Amino acid sequence: MRLRVPAVFATLSLLAVPSPALAGAHPLRAKNGMVVSQHFAASQVGIEVLWEGGTAVDAAVATAFALAVVHPTAGNIGGGGFLLLRPAKGEPIAYDFRETAPAAAAPTMFLNEGRYDAAKHHDSHLAVGVPGTVAGLHLAWKQHGKLPWQRLLEPAIQMAEQGFLVTEELSRSLAGVLPQLAKYPASKAAYSRDGKPYEAGDLLVQKDLARTLRRIAERGPAGFYQGETARLIAKEMAARGGLITEKDLAAYSPQVRVPVRGQYRGHDVISMPPPSSGGVALIQVLNILEGDDLEAMGFRSAASVHLITEALRRAFADRAQHLGDPDHNPEMPLARLLSKDYARLLRQTIRADRAAVSSPETFEWPVESDETTHFSVVDAERNAVALTYTLEAGYGSKIVVPGAGFLLNNEMGDFNAGPGLTDDTGLIGTAPNLAAPGKRMLSSMAPTILAKDGALRMVTGSLGGRTIISTVLHTILNVVDYGMNVQEAVDAARFHHQWLPDVIRYERHGLSPDTLALLADRGHRLEPLGLLGVAAAITYDKEKDRLEGAADRRSPDSAAVGR
Ligand code: GLY
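Here the structure is a predicted model, which is why all the values come from computation and not from measurement.

K.L.:
In this structure, what is going on with helix H10 (residues 207–219)? I would like to understand it.
P.N.:
The end-to-end C-alpha distance of H10, which contains 13 residues, comes to 18 Å, matching closely the 18 Å that a straight helix rising 1.5 Å per residue would cover. For H10, the full list of buried residues reads Leu209, Ala210, Thr212, Leu213, Arg215, Ile216 and Ala217. Packing partners of the buried residues in H10 comprise helix H4 (56–70), helix H6 (133–144), helix H7 (149–162), helix H11 (222–225) and helix H12 (227–239). Remark: glycine 220 follows H10 within two positions and exhibits a positive phi of approximately 70°.

Structure, rendered in structure tokens:
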């Protein structure tokens, strides 16, 4: 086994100088494989797996475990997510390792004597769902991996055990979250030096996490869902009012699902099915937009922003009304939502000169955090993986399992607040996404792959709660409709609409004053914001047999690495 740690540190100093992918509108180009993630050390871990002859799934597994060490805001073993694989040969496949509600969960669990309690829902031991990441990664590896499982965890173990250098970005992030982490002694111990924030250049060592990762390396999922790790999780839950038991952990099972599929201007669009809303909403919007010539309308013209907004408004309304865990909602009208006929009907309801008004029905979707992470991988055979996973909020529940050294999610907050609780303050109480034993909470994550004429064309995804859907959409439109290269597509300013609240949120300076005025004339409400999403995308040019990758400069530690 080669020593991983020096390689990773070498990467750190190397990347003190921006890589070409970070320096301008030129994507990183490579022939034999590529990894784009939100941390350069994790991208490096993934590319080394490809060097050693690992598959895209091997590289994704190693990258995911590495992110759990170096990108603790969202990289995780205590959360869940989705892995979408388009093998070079054979059918695409979606791995669902979304968290589940524990057996003692109930639709009313976030209420106190009938009144909604936001802290219970988002910020407590009750907010923790049964983690899915370890089981999901293992299942994907078992079916599509080539290198030994232990090899894929070794870089993460080394970085946890021997430490890694804290970046400016991580030090700012940890300092910001420290007051919340400090509520829990194990969290404070894991992510600060006796309550003092880590500074850029400090070495962050995570011995407990290293031991947990070693158990997973040696025993596979049993090293997490049984034995010492499971006991430590259940002990913390029992001590502090959480619901997850050793039995819940032993019962966790990842699911293999059939991806949702669409067609957009000659491209096969492959994305994540429920329990994520991401793929359905994305394809619905693309279907609506296909009826118009966006390029002729002009990039970020008022007419095109209006049309995209109206398409998003309609898809998000359907999302709120229909989508949830498929195993608990067998009647979801997926075929209709994904059909071109339905898109045609929706298109007829769009007026070119006027914004629609989102229904006064008091529907709103529960708060979803921006803190998720996405990475994309392509190997030499052109197997492609899009993987998005999350702890829900940044650093999830903020609860580090004492003795086990990893953060637990607060994903139960993605369930609706309680039955009948829909009101105009932003609560929702509709049935498809109420908490229930073993149920998966609805997500917006949208790992997505495009193919054209039978060949891979694009791998993409983003963080950002509901805004994920808009970021993935823009990245695709920028390549397919506007002919941008992948770095330009990722760099370009974004905007978002999600039905309710009825407002277009746009990245500052992303829309010109005259465009804003024209949109306001049509009746749109507009709000600037700082940043929207963090994409990680790869395109493939079949004729040149070349990969192009783009890290998102909105997240400075991101990196595309190729071979
Ligand atoms: N927790 C964010 C999502 O699943 O979409």
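So, next bit.
K.L.:
What exactly am I supposed to notice about the site of the ligand here?
P.N.:
Residues in contact with the ligand amount to eight residues; listed here are only the nearest, Glu392, Glu411, Asp414, Ser443 and Ser444. One of the side-chain nitrogen or oxygen atoms of glutamate 411 is found 2.7 Å away from a nitrogen atom of the ligand. Take serine 444: an N or O atom from its main chain is 2.8 Å from an oxygen atom of the ligand. Summarising the interface, the protein chains cover 100% of the accessible area of the ligand, which totals 190 Å² for the free molecule.

K.L.:
Is there a simple way to explain the nonpolar core in this structure?
P.N.:
Most often, soluble globular proteins keep nonpolar side chains buried together rather than apart. Counting 84 residues, the largest nonpolar core has Phe65, Ile77 and Leu213 as its most contacted members. By residue number, the principal contributor to this core is H4, which donates 13 residues. Those residues in contact with leucine 213 that lie beyond four places of it in its chain are Phe65, Val69, Ile77, Leu153, Ala156, Ile157 and Ala160. Grouped together as the second largest cluster of nonpolar side chains are 76 residues, Val280, Ile288, Met332 and Leu511 included.

Definitions and cut-offs
Residues numbered from 1 in each chain as written. Predicted model: local features only at pLDDT ≥ 70, side-chain atom pairs only at ≥ 80, totals over all residues. Heavy atoms only, no water. Helix = DSSP H or I, 4+ residues; strand = E, 2+ residues; numbered from the N terminus. Expected span 1.5 Å × (residues − 1). Buried < 20%, exposed > 50% of the residue type's maximum accessible area, 1.4 Å probe, protein only. Contact = heavy atoms within 4.5 Å. Near = heavy atom within 4 Å. Polar contact = N/O pair within 3.5 Å; in protein donor to acceptor, adjacent residues only side chain to side chain. Areas by Shrake-Rupley, 256 points an atom, 1.4 Å probe, with all protein chains shown as cover. Core = buried A, V, L, I, M, F, W, Y, C linked by side-chain atoms within 4.5 Å.

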